[in-house]
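Coordinates in review
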Amino acid sequence: LLCLLGGGGGGGGGGIDADKYYALQDELTKSYQRNADNQQAMLELNQQIKRLQTESARRGDEVDREKEKNERERRRVDELDAALADRDATVQVLREELQALQVQLLKSEEKSRVLAEENQALVERWLRKMNEEAGKLNEANKFYEEIQQQARQAEVLRNAQVGAKTSKELFNALTGGGDGGGGGRNG
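Residues numbered from 1 in each chain as written. Predicted model: local features only at pLDDT ≥ 70, side-chain atom pairs only at ≥ 80, totals over all residues. Heavy atoms only, no water.

A few points about the overall build of the protein chain
- Looking only at helices and strands, one finds two helices and zero strands in the protein chain.
- Counting the 187 residues in the protein chain, one finds 1% classified as buried.
- Carbon and sulfur atoms form 55% of the exposed surface of the protein chain, whose accessible area is close to 16,800 Å². (Helix = DSSP H or I, 4+ residues; strand = E, 2+ residues; numbered from the N terminus. Buried < 20%, exposed > 50% of the residue type's maximum accessible area, 1.4 Å probe, protein only. Areas by Shrake-Rupley, 256 points an atom, 1.4 Å probe, with all protein chains shown as cover.)

Concerning a nonpolar patch on the surface
- Taken together, the side chains of Val123, Trp126, Leu127 and Met130 make up a nonpolar region of the molecular surface, amounting to roughly 360 Å² of accessible area.
- Given a relative accessible area of 34%, Val123 falls into the partly exposed group. (Patch = residues over 30% accessible without salt bridge, like charges linked within 9 Å, V, L, I, M, F, W, Y side chains within 5 Å. Salt bridge = Lys/Arg side-chain N within 4 Å of Asp/Glu carboxyl O.)

Things to note about the pattern of salt bridges
- Across all of its chains, the model carries twelve salt bridges by this definition.
- The salt bridge partner of Arg58 is Glu55, with a shortest N-O separation of 2.2 Å. Here Arg58 pairs with Glu55, and both are found in helix 2 (residues 18–175), just three residues apart, close to one helical turn.
- Using a relative accessible area of 37% as the deciding quantity, one classes Arg58 as partly exposed.
- Taking the relative accessible area as the measure of exposure, Glu55 reaches 25% and is therefore partly exposed.
- One salt bridge in this structure joins Arg58 and Glu62, with 2.3 Å as the shortest N-O distance.

A few points about the packing of aromatic side chains
- Taken as a whole, this structure holds one aromatic pair when the rule is applied.
- Both rings, one in Tyr21 and one in Tyr22, keep their centres 5.3 Å apart while their planes meet at 65 degrees; by these two values the pair is edge-to-face.
- By relative accessible area, Tyr21 is classed as buried at 16%. (Phe/Tyr/Trp six-rings, centres within 6.5 Å; stacked < 30°, edge-to-face > 60°.)

Brief notes about the confidence of the model for the protein chain
- For the protein chain, the average pLDDT comes to 85, and 86% of its residues sit at 70 or higher.
- In this model residues 7–13 is a low-confidence stretch, pLDDT under 50, and it forms two contacts with partners more than four residues away in sequence or in other chains.
- Contacts of residues 180–187 to residues separated by more than four positions or lying in other chains number two contacts, the stretch itself having pLDDT below 50. (pLDDT = per-residue confidence, 0-100. Contact = heavy atoms within 4.5 Å.)

Re the environment of Arg152
- With respect to the helices and strands, Arg152 occurs in helix 2.
- A relative accessible area of 46% places Arg152 in the partly exposed class.
- Reaching out from Arg152, the side chain makes a polar contact with the side chain of Gln149 at a distance of 2.8 Å. (Polar contact = N/O pair within 3.5 Å; in protein donor to acceptor, adjacent residues only side chain to side chain.)

As for helix 2
- With 158 residues, helix 2 extends 217 Å from end C-alpha to end C-alpha; this agrees with the ideal 236 Å at 1.5 Å per step.
- A side-chain oxygen of the first residue of helix 2 lies 2.7 Å from the backbone nitrogen of Asp19; this N-cap is Asp17. (Expected span 1.5 Å × (residues − 1).)

Have a look at this one:
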């Protein structure tokens with residue numbers, strides 16, 4: 001190489017001088033060094049690209065899993081919304097039925113109140129009638145007792161009269177007196 005450059009042994013005609021040679025040699029070494037550095041950087045970049053691709057794929061998988069999870073959750077939310085809407089409808093129906101039953105209850109309570117008032121009036125009328133009948137029955141019993149009392153008194157009086165007449169006849173018969181009938185002992 002030195003021969004080509006014109007250095008050493010043959011005299012000096014037409015060659016490159018040594019300073020230029022060393023400068024070119026230095027430039028070539030630096031070029032090799034830059035090439036090696038670039039290759040190293042490229043290797044590191046390729047490794048970094050692989051890591052990033054791996055990380056990107058992993059994150060892509062995570063994103064896909066999260067998308068699936070979100071889709072499941074969205075479907076679950078939709079199902080819950082539908083169930084809630086059904087329950088709201090059921091609650092509304094139950095509210096309407098409750099209101100209807102409350103109206104019926106109020107009507108039944110009013111009817112019960114009216115019937116209780118009518119029953120109270122009927123009981124009062126019945127009690128008045130029973131009191132009247134009891135009064136009449138008491139009067140009839142009193143009348144009956146008075147009649148029996150009078151009958152007993154009449155019987156006692158009749159018995160007394162019969163007894164007096166019998167006593168008088170007996171007395172007369174025993175004493176021999178009387179109203180002209182002689183049937184005495186002396187006779």
